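Listed below are the residues making up each chain.
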Amino acid sequence: MQADLLIRNATIYNSYFKKWIQGDAAVRDGKFVYVGPDGADAFQADAILEAAGLYMLPGLIDIHLHIESTMVTPQSFSDGLIRNGVTTIVPEPHEMANVFGPEGVREMIRASEHCIADMLYAIPSSVPATALETTGGSVEIEDIDELLRTEDIRCLGEIMNYTDIITDTEGQSKTNRILKHIRQEHPDLVIEGHVPKLLGLDLQRVIHAGVDSDHTHQTVEGMEARIAAGMFIEIQEKSMTASVMDYLIKNDVSEHFCFITDDVMADSFQETGHLNHIVRKAIAMGMAPERAIYAATLSPAKRMRMYDRGTIAPGKIADFVLVADERLVDIQQVYKSGVLAYSEAAQQASTKERQPKGSYRFPASYYESVKLAELTEADFTVAVDAKDGLHTCRVMTVQDGSTFTKESFAEAQVLAGELHWETSGCGLIATFERYGKSGSKAFGLISGDTITRGAIATTYSHDNHNLLIVGHSVADMLLAANTVIKQQGGFCVVDNGQVLANMHLPVGGILTEAPLEEAGPAVKQLREAMQSIGYRHYNPIMSIATHSLPVSPFLKITDYGLIDVNTGKVVSLIVS
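Parameters at a glance
Residues numbered from 1 in each chain as written. Predicted model: local features only at pLDDT ≥ 70, side-chain atom pairs only at ≥ 80, totals over all residues. Heavy atoms only, no water. 1 Å grid on protein atoms, 1.4 Å probe; cavity = no way out; pocket = protein on both sides within 12 Å on 5 of 7 lines; lining within 4 Å. Points joined across faces, edges and corners; volume = space filled by probe spheres on them. Helix = DSSP H or I, 4+ residues; strand = E, 2+ residues; numbered from the N terminus. Nonpolar A, V, L, I, M, F, W, Y, C, P; charged D, E, K, R; others polar. Phe/Tyr/Trp six-rings, centres within 6.5 Å; stacked < 30°, edge-to-face > 60°. Buried < 20%, exposed > 50% of the residue type's maximum accessible area, 1.4 Å probe, protein only. Salt bridge = Lys/Arg side-chain N within 4 Å of Asp/Glu carboxyl O.

To continue, consider the layout of surface pockets. Estimates place the volume of the largest pocket at around 720 Å³. Around the largest pocket, the lining comprises 37 residues; the ones closest to its centre are Q236, D263, Y538, N539 and M542. Those elements that provide at least two residues to the lining of the largest pocket are α3 (94-100), α11 (266-272) and α12 (275-284). Each residue belonging to the lining of the largest pocket can be placed in one class, and the counts come to 10 nonpolar, 19 polar and eight charged. Each pocket or cavity is described by its volume, and for the second largest pocket that value is around 310 Å³. Forming the walls of the second largest pocket are 22 residues, and the residues nearest its centre are A129, T130, A131, N161 and D164. When the residues that make up the lining of the second largest pocket are grouped by side-chain class, the tally is 10 nonpolar, nine polar and three charged.

Following this line, the structure appears as C-alpha cells:
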C-alpha cells in the first residue's frame, strides 16, 4: 500500500486508552491511514521517518484564546504556535470586533488563511461586553447569522455579561436575546461562557440559558459545582492551583475539562511556550503525562466537535509532535497535515506554501483608529458636583494574583467643584473615548498593587480599547497619553518626564505587525518599566488592560464612569 510518509518505531500516544504504544504510523493525503505494529511491511512510502526513541503525540489544540492578547498578528502568532507543538486553535477576536465590529472578525479570519496552524474562529458574542461603554463596533444578532453563513465558525465566543442573564427576568437584554436566538436558530452551535465565582441558583440559571462552559479562575468548590451541573471546564494557568490540580488528578473528570491559554503575553510566549507550557506544568504538578496530553488534544477537540483531529488514528488529520520525552520538554519536530512544519534541529519552518512574514496588510482604516486629539492639562481636571471639603471616594484597588479588583475608600479634597485627587494618597485612573463618537471621559482613584509614581497610557484596554491612563503626575500622564495618540495606538510608560518603554500597536491600536521575536522583547521591556515604577503584579500588562473590563469583578472603569460589576451599574466617584 502506498503512503506519503511512514513514521517508524515511535512511542505513539493512543488517546482512546490514554497510554503509549510502540509502532508505526502511515500518512497519505494529509491524514493517517494506519497506526500499528506492521507499517514497515504494509506500506511503500515516499518518505520514511525513523522515530526510535521519540514520543509521538497529536498536535496540541487550544480552544479558548485571544490572539490580540499577545498583541501580534495571526501570522506571527501561528509561527509561535507551531514551534510549541500547537497545530489548531479556536481564537475569539472580540478585541478586534470591539474596535471594528464584524469586519474586524472577517479581517482576522482573512489574515489567518495562509497560516500553518489551523485557526477555526469563534464569533464574539459580547461586543460590547456591556451597555456601559463606548466601542468602535458592535456584533449584533444579524452579524452572528451572517458570519455563520459565510465563514467556518466553530462556536459562539464567551458570553461575558452573565449579570444580564441573572438579573434580566424579562429576557430583553442583548445577551439574553442572543442566547434565545442561538438556541432557536442554531441549536447545535457550541456556546462558550465567562462565569466568574457564580454558584448555586445563579450558576444554574446561566447553564439553563445555554452557557455550558467556563474558563475563568476556578476553585475546587466552583469547579465541582460546574461539572456536577454539566458544565465543561477550561483550565488556564491561573486556575492551576495545588488544590484544583489535586482534584483533577484524583477524580475521573477527563471528559469534563481541558487546558487552554486564554491570554498569553508575547514575552512569555517566546520564552516559556504556549499550551505546551500548560501541559508541562500539569505534569510537574503530578498529573500523569497521558492525562495531561489528553486534556490538550482529544478533550478540547471533542468539546468543539472537531472530530477530524486530536488523536493519532486512521482517518484523522496527520497533525503530530515528536518529543524527546513524554513531558513535552524537548519538542523535536512538528508536522501539520503530514508535512514537516518545524524542526528543532533546523530551527525553521517547513516548505509548506504560506505567506511570508508580515505580508498580510490590513485595510488602511485599521491604521487610523485613534480619533482623539492630543490632550491638555485641562483634560485631567476632575470636575465633581460636591461642596468644598473632604469627601469619601471610591478607589479601584489592584490585587496581585488576579485581574479582579476590589473597592476600597479614601478621603480627597474638593475645592471649587474640582477633586484634588493628589491629597488622597491614591493615583488617578482616566479613560477617554477614542473612536470619535461621544467624546466622553471618566475618572477614578486607584491604589493597591499598581504604580506608585509616573504614568502608563494604552489603547490596549479590554474590551472597549479606549485610551486608558493611570498615573501620579499629570505631566507624565500627558506625555504617555499623547505619545500613544500620536502613534495611533500603543502602550507607553513614563516616569519623571522620560519615556521608559513605548510599544507601538498600529493595527486597531491593539496589534503590532512585528514578528514574535521582536514583540517578545518589547513586551518584556514594557513589563519591566511598569515594575520599575511600582507595579507589583504577576502580569501587570493584563492587570491594567482589564481595569476597563466591566464584566470582571469588582470595580472597573469605562468612559461611562466607574462600574460596579456585580450590579452592572455606574457608581459615583464620591460616595454620598
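Another aspect to go through is the packing of aromatic side chains. Evaluated as defined, the whole model comprises 14 aromatic pairs. Ring centres of F100 and Y366 lie 3.7 Å apart, and the angle between their planes is 20°; on these two criteria the pair is classed as stacked. Of this pair, F100 sits in helix α3 while Y366 sits in the loop between β18 (348-349) and β19 (389-398), and the two are 266 residues apart along the sequence. With respect to burial, F100 and Y366 carry one shared label: buried. A ring pair is formed by F404 and F554, whose centres lie 6.4 Å apart and whose planes are at 70°; its orientation type is edge-to-face. Taken together, the residues F404 in the loop between β19 and β20 (405-415) and F554 in the loop between α17 (540-545) and β28 (555-558) connect sequence positions 150 residues apart. Note on F404: relative accessible area 11%, which makes it buried.

This part takes up the pattern of salt bridges. Following the criterion strictly, the structure yields 25 salt bridges and no others. D308 is the partner of R309 in a salt bridge, and the nearest nitrogen-oxygen pair spans 3.0 Å. Taking relative accessible area as the criterion, D308 reaches 30% and is therefore assigned partly exposed. Taking the shortest distance from any N to any O, the salt bridge between K336 and D319 comes out at 3.0 Å.

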